[in-house]
Amino acid sequence: MGSNLFQSHSLKTRVTLFTLAIFVASVSALAFYISQMLRHDMQRLIEAQQLASVSYMAEEVSHEFQDRIETLERVAARISPAMLGNEALLQTFLEDRIALLSLFNGGAFVTRLDGTAIAEVPLAAGRIGINYLNRDAMTSALKLGKPKIGRPVIGKRPASPVFAIAVPIRDRQGAVIGALAGLNQLDKPNFLDNITRSGYGRTGGNFLIAPLDRLIVTASDKERIMARLPEPGIVPEIDRLEQGYEGASIDLNPRGVEVLAASKRIALAGWVMHTAISTDEAFTPIRAMQRRMLLATLLLTLLAAALTWLMLRRQLMPMLVAVKALARQARAEQAPQPLPVTRQDEIGELIGGFNQLLMTLQRQQKALRQSETKFRTLYDASSDAVL
């Protein structure tokens, strides 16, 4: 039924619709191809920018960690066994080390080999007498004799999110006799804020992640400090970070939002600097361009329809004139007359062929009338025919 309805339309309508269908299909295919290529190119560009940015931030964090480790080591090198045996002298020594408070917003403290704090700055923190041997940073410094950036935990004093950097204290023979630790409170302004403070676009942000502990150490959104990440197998992106992945890609974040993300490891801490922005925001220019292309396609379609209709009307006008001439001759009940040929194109050839056919028919009709006249004359003159 639909085919018959379509065939019932004029030739102009059918040609116009076919032309528009081809035009729209071609423009749509071209627009899809261009948008996909632009999306791919923009994704590569954003990923390169993100990776460069996150690498810079990771390097800055690494430098900050290195500066703090070196400061602690310089201070620890000046603590002697005799000083460890004189808590008042050790307390005075720490209070004179102003750099410790400028680098560690949570203060610093010294422990004996058993992990018990014996001196601290500021003194009001109340850490003296507390044992910290169960902290990984202290275990590394006291048992292994290696500096260590500890995992983020809820501190003993104060009970707030902190991470420690601890270095061993050695005697003249190199034996470990104690440890010096500096604390960084994550819920107060600290050196990491300078790096993670700035967001990334409207929906993006920067994150410092401890992948082995599956914790967000700090982030642009301070409400996510110490937020726990999903368990293994839930978010593949987090699983890859735990396995040491570095780079940029499109992933689903823990909230189920598709994001463009980039990650760079910080070897000193075993942490990962991570930045992410939702693909909705990242590809906003692509969607805006697609909307403009759709509008342009609609306008061009209307323009193409009008031009095609006018062109067909002009090109088919001689045929329409011929059809009207034949209709007038039929209404006048007169002998068909040759139709005028106004253009020497396909339609002109069609009308010319019709005129030749008409002339042939006229000659045949004339010959037939002459033959009929002769036959009637012979018939009327024949006595046998009369009888």
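Novice: Provide a residue-level description of the layout of surface pockets, including the pertinent values.
Specialist: Counted as a void, the largest pocket has a volume near 400 Å³. In terms of lining residues, the largest pocket is bounded by 22 residues, among which Thr203, Phe207, Arg224, Asn253 and Arg255 are the most central. Mapped onto the lining of the largest pocket, the elements with two or more residues apiece are β7 (205–210), α8 (236–242) and β11 (271–278). Looking at the lining of the largest pocket element by element, the count peaks at 4 residues for β11. Residue composition of the lining of the largest pocket, grouped by class: 10 nonpolar, 7 polar and 5 charged. Approximately 190 Å³ is the volume attributed to the second largest pocket. In terms of residue class, the lining of the second largest pocket is built from 9 nonpolar, 3 polar and 6 charged.

Novice: Can you tell me about a nonpolar patch on the surface, naming the residues and giving the values?
Specialist: Together, Leu30, Tyr33, Ile34, Met37 and Leu38 give the surface a local cluster of nonpolar side chains, amounting to about 440 Å² of exposed area. The topology assignment puts tyrosine 33 in helix α2 (residues 11–77).

Novice: Give a description of the packing of aromatic side chains that names residues and reports values.
Specialist: If you walk through the whole model with that rule in mind, you get 5 aromatic pairs. Between phenylalanine 65 and phenylalanine 163, the aromatic rings sit 6.0 Å apart at their centres with planes inclined by 85 degrees, giving edge-to-face as the arrangement. Of this pair, phenylalanine 65 sits in helix α2 while phenylalanine 163 is found in strand β5 (residues 161–170), placing the two residues 98 residues apart along the sequence. Of the two residues, phenylalanine 65 and phenylalanine 163, both sit in the buried class. Seen from their ring centres, phenylalanine 65 and phenylalanine 191 are 5.8 Å apart, and the 80 degrees between their planes marks the pair as edge-to-face. Taken together, the residues span a long stretch of sequence, with phenylalanine 65 in helix α2 and phenylalanine 191 in the loop between β6 (176–185) and α7 (193–196) at a distance of 126 residues. Judged by its relative accessible area of 8%, phenylalanine 191 falls in the buried class. A connected cluster of aromatic rings, assembled from ring pairs, spans Phe65, Phe163, Phe191 and Trp271. We note arginine 97 situated over the ring of phenylalanine 93; from NZ or CZ to the ring centre the distance is 4.4 Å. Seen from the ring of tyrosine 245, arginine 240 lies directly overhead, with NZ or CZ sitting 5.0 Å from the centre.

Basis of the calculations
- Residues numbered from 1 in each chain as written.
- Predicted model: local features only at pLDDT ≥ 70, side-chain atom pairs only at ≥ 80, totals over all residues.
- Heavy atoms only, no water.
- 1 Å grid on protein atoms, 1.4 Å probe; cavity = no way out; pocket = protein on both sides within 12 Å on 5 of 7 lines; lining within 4 Å.
- Points joined across faces, edges and corners; volume = space filled by probe spheres on them.
- Helix = DSSP H or I, 4+ residues; strand = E, 2+ residues; numbered from the N terminus.
- Nonpolar A, V, L, I, M, F, W, Y, C, P; charged D, E, K, R; others polar.
- Patch = residues over 30% accessible without salt bridge, like charges linked within 9 Å, V, L, I, M, F, W, Y side chains within 5 Å.
- Areas by Shrake-Rupley, 256 points an atom, 1.4 Å probe, with all protein chains shown as cover.
- Salt bridge = Lys/Arg side-chain N within 4 Å of Asp/Glu carboxyl O.
- Phe/Tyr/Trp six-rings, centres within 6.5 Å; stacked < 30°, edge-to-face > 60°.
- Buried < 20%, exposed > 50% of the residue type's maximum accessible area, 1.4 Å probe, protein only.
- Lys NZ or Arg CZ within 6 Å of the ring centre and 35° of its normal.

By themselves, these observations are geometric and do not establish any function.
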